[in-house]
Amino acid sequence: MEKLYFMVTNDEFELPIAVGSSVKELARETGRSENSIRCKMRSQRLNKKSISYKIEVVEVEDESKRLN
């Protein structure tokens, strides 16, 4: 399983802002530091309120493995 990291809006629509295959890539795409992304993820796990954005982690199945 591969993980994708999504930065989404913090509203009922959860529109995608950026996508990365790692925290490092997501940080590079958004201009934020890896530390700020990880802190955001930790805050979400602790159910702290966020007004700007959320980070969603989605596990996806590798296509090549599924076909074999």
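Coordinates for the structure precede this section.
Residues numbered from 1 in each chain as written. Predicted model: local features only at pLDDT ≥ 70, side-chain atom pairs only at ≥ 80, totals over all residues. Heavy atoms only, no water.

Draft legend 1. Quick look at the nonpolar core. Core analysis: the biggest nonpolar cluster contains ten residues, these being Tyr 5, Met 7, Ala 18, Val 23, Leu 26, Ala 27, Ile 37, Met 41, Tyr 53 and Ile 55. Looking at this core, the elements that each hand over two or more residues are β1 (2-9), α1 (23-30), α2 (34-45) and β3 (53-60). Examining the composition of this core, we find that three residues originate from one element, α1, more than from any other. Filtering out sequence-adjacent residues up to four positions away, Ala 18 remains in contact with Tyr 5, Phe 6, Met 7, Leu 26, Glu 29 and Thr 30. (Core = buried A, V, L, I, M, F, W, Y, C linked by side-chain atoms within 4.5 Å. Buried < 20%, exposed > 50% of the residue type's maximum accessible area, 1.4 Å probe, protein only. Helix = DSSP H or I, 4+ residues; strand = E, 2+ residues; numbered from the N terminus. Contact = heavy atoms within 4.5 Å.)

Draft legend 2. Examining unusual backbone geometry more closely. Despite not being glycine, Glu 14 has its phi angle at roughly 45 degrees, a positive value. Looking at the element boundaries, Glu 14 is found in the loop between β1 and β2 (16-20). The exposure class of Glu 14 is partly exposed, given its relative accessible area of 33%. Backbone geometry at Asn 47 places phi at a positive 60 degrees, although glycine is not the residue there. Structurally, Asn 47 can be placed in the loop between α2 and β3.

Draft legend 3. Structural detail: the pairing of β2. The pairing of β1 with β2 spans four bridges and is antiparallel. Following the sheet pairing, Phe 6 is matched in β2 by Val 19. The turn joining β1 and β2, which pair antiparallel and follow one another in sequence, is formed by six residues; a positive phi near 45 degrees is taken by Glu 14. (Pairing = 2+ DSSP bridges.)

Draft legend 4. Region of the structure containing the pattern of salt bridges. Applying the stated rule across the entire model yields three salt bridges. Of the charged contacts, one joins Glu 14 and Lys 54 as a salt bridge, the two residues approaching to 2.3 Å between their closest N and O atoms. Taken together, the residues span a long stretch of sequence, with Glu 14 in the loop between β1 and β2 and Lys 54 in strand β3 at a distance of 40 residues. Residues Glu 34 and Arg 38 are paired through a salt bridge, measuring 4.0 Å at the closest nitrogen-oxygen approach. Of this pair, Glu 34 and Arg 38 both sit in helix α2, four residues apart, which is roughly one turn of the helix. For Glu 34, a relative accessible area of 32% puts it in the partly exposed group. (Salt bridge = Lys/Arg side-chain N within 4 Å of Asp/Glu carboxyl O.)

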